[in-house]
Amino acid sequence: MSANKVTVIGLGPMGEAMVNAYLDNGYLVTVWNRTRARADAVAARGAIVAPTVEAALSAGELIVLSLTDYAAADAILAQAPPSAVEGKVVVNLSSDTPGTVRAAAARLAAHGAVQLTGGVQVPPPGIGTPGASTYYSGPEDVVEKHRATLEVLTGIDYLGEDPGLAALFYQIGMDMFWTGLLSYLHAQAVAEANGISAQRLLPIALKTMDFGYFLEFYAPRISEGNHEGDVDKISMGEASIRHVIDTVEESGVDSSLPAAVHGIFARGMEAGLGADSLTSLLKVLRRQ
Ligand code: NDP
C-alpha cells in the first residue's frame, strides 16, 4: 500500500534516524545515499537500497531528503532524468536559505513535483519521540494528505504555503541556537581556565541561559518601539562586556566572541544610543 511506502535520500545521522523510525513503524523504506556503505546498517534492518537515484525516486510518491544543504539535493536529483520527479512529493528536510528553498520548489514544480519544506526541531535521537516537531511549509492539502507519514518522524508545525517559510523560521531558530550555544562553550572555556569543571558550571549555566524572563520583558517593548533606558542602558552593557573581555584575557582564553559582542555595543554608543536600552541595538543590527 502506497501509504506505507517512503523513500529516504541522505543517510547522515538525521536521515538514518528517520529511516529507523519508519522501519520501527512497519514502513517499506527505500533508501539512497552517495556513500553506499552508510546504508549498510539500515539495509540490515530491512531497508531497500536503491541502486540509482532514479530507482529511489520511482519507489513511491513520498521522497524525504535529509542532506547537508540544497546543493547536495541538486547534485543528487541531477543524477536522474528530470521526469523522474513527476508526480512526487519531495519533502526536503535539509537546511538552507529561504531564497534557495523557494527556487528549488519552483524548479520541482516545473517538473510536475511538489516540494514540502521542513526544518526539523530536534536532534537525531529526538526523531520519533513525543513532543518532537518540525516546521513545515508548502501546499497545506499535501501536508494533510501525508500527515500520518510525516508524523512518524515528528509532530507538524505548519507555517503556511510559502515554501521558504519553514526555512526562514528554522534559520531564525538556528541564529539563536548557534550563538547561544557557542556563548555557553566560551563561558565553559573561561571556567576551565580557572579550574571550574563543566559539572560545577552546569547549574549556573542553566540559570543564566534561561532567558525567558528577558524575552517576555523585551518583546512587547520592541513591538511598541519602546527602547527607553529605564532598566538597562547600552553604556552599562558596553562597560560590562569590557569587564568580560578583560576577565577572558586574564584567563588566557580567546576573546573574539565577546569582542564581537562588544563591537555591536560600541556601534550603539557611536550612534548616540548610550542612554537607551539594549533593545535599541536593533537599530544597529537593522543597519538603519
Ligand atoms: P549531514 O551534514 O551529516 O548530512 C549528510 C548527508 O548529506 C549524507 O547523506 C551525505 O552523503 C549527504 N551529502 C552531503 N553533501 C552531498 C553531496 N554534495 N552530494 C550528495 N550527498 C551529499 O547532516 P545530518 O544528517 O546531521 O542532518 C541532515 C540535515 O538535517 C541537515 O540539513 C541539518 O542541518 C538538518 N538537521 C540536523 C540536525 C542534527 O542535529 N543533526 C538537527 C536538525 C536539523 P554522504 O554520506 O555520501 O557524505
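Everything that follows concerns the structure shown earlier in this document.
Everything numeric in this text was worked out from a predicted model, so none of it was measured.

Chemist: Give me the overall build of the protein chain: which residues, what numbers.
Modeler: The secondary structure content of the protein chain amounts to 13 helices and eight strands. Seen along its three principal axes, the alpha-carbon backbone of the protein chain occupies a region of about 65 × 45 × 30 Å. Per element, the accessible surface of the protein chain, about 15,200 Å² overall, is 59% carbon and sulfur. Taken together, the 19 basic and 31 acidic charged side chains of the protein chain have centroids lying 3 Å from each other.

Chemist: Break down the packing of helix α8 (residues 164–193) against helix α9 (residues 198–208) for me, citing the residues and quoting the values.
Modeler: Two elements in contact, α8 and α9, have axes separated by 10 Å at closest approach and are oriented at 135 degrees. By the criterion of interaxial angle, the relationship of α8 to α9 is oblique. Of the two elements, α8 crosses α9, and the hand of that crossing is right-handed. For the pair α8 and α9, contact is made by Y184, A187, Q188 and A191 and by A198, L201 and A205, respectively. For the contact of α8 with α9, the per-class residue count stands at six nonpolar, one polar and no charged.

Chemist: Just give me the short version of the pairing of strand β6 (residues 114–120), but keep the residues and values in it.
Modeler: Across the seven residues of β6, six count as buried, placing the element largely inside the fold. As defined by bridge partners, strand β5 (residues 89–92) adjoins β6 across four bridges and the pair is classed as parallel. Considered in β6, the bridge of V91 is made with L116. Viewed along the sheet, the connection from β5 through helix α5 (residues 98–110) into β6 turns out right-handed. Pairing geometry for β6 and strand β7 (residues 133–137), over four bridges, is antiparallel. When the sheet's bridge partners are listed, T117 is paired in β7 with S137.

Chemist: Describe the site of the ligand, naming the residues involved and giving the relevant values.
Modeler: Near the ligand you find 22 residues, and of these N33, T35, L67, T68 and S95 are the closest. Between the ligand and R34, the relevant distance is 3.0 Å, taken from an oxygen atom to a side-chain nitrogen or oxygen of the residue. Separating an oxygen atom of the ligand from a side-chain N or O atom of R38 is a distance of 2.9 Å. Summarising the interface, the protein chains cover 75% of the accessible area of the ligand, which totals 900 Å² for the free molecule. One can see that the ligand is located within the second largest pocket. For the shell around the ligand, the secondary structure elements donating two or more residues are α1 (13–24) and α4 (70–77). Grouping the amino acids of the shell around the ligand by side-chain chemistry returns twelve nonpolar, eight polar and two charged.

Rules of the game
Residues numbered from 1 in each chain as written. Predicted model: local features only at pLDDT ≥ 70, side-chain atom pairs only at ≥ 80, totals over all residues. Heavy atoms only, no water. Helix = DSSP H or I, 4+ residues; strand = E, 2+ residues; numbered from the N terminus. Areas by Shrake-Rupley, 256 points an atom, 1.4 Å probe, with all protein chains shown as cover. Lys, Arg positive; Asp, Glu negative; His and termini not counted. Charge placed at Lys NZ, Arg CZ, Asp CG, Glu CD. Axes fitted to C-alpha atoms, helices over the stretch in contact; angles between N-to-C directions. Parallel < 35°, antiparallel > 145°, perpendicular 65-115°, else oblique. Left-handed = near helix turned anticlockwise from the far one by under 90°. Contact = heavy atoms within 4.5 Å. Nonpolar A, V, L, I, M, F, W, Y, C, P; charged D, E, K, R; others polar. Buried < 20%, exposed > 50% of the residue type's maximum accessible area, 1.4 Å probe, protein only. Pairing = 2+ DSSP bridges. Right-handed = clockwise from strand over helix to strand, strands pointing away. Near = heavy atom within 4 Å. Polar contact = N/O pair within 3.5 Å; in protein donor to acceptor, adjacent residues only side chain to side chain. 1 Å grid on protein atoms, 1.4 Å probe; cavity = no way out; pocket = protein on both sides within 12 Å on 5 of 7 lines; lining within 4 Å. Sits in = over half its atoms within 2 Å of the grid points.

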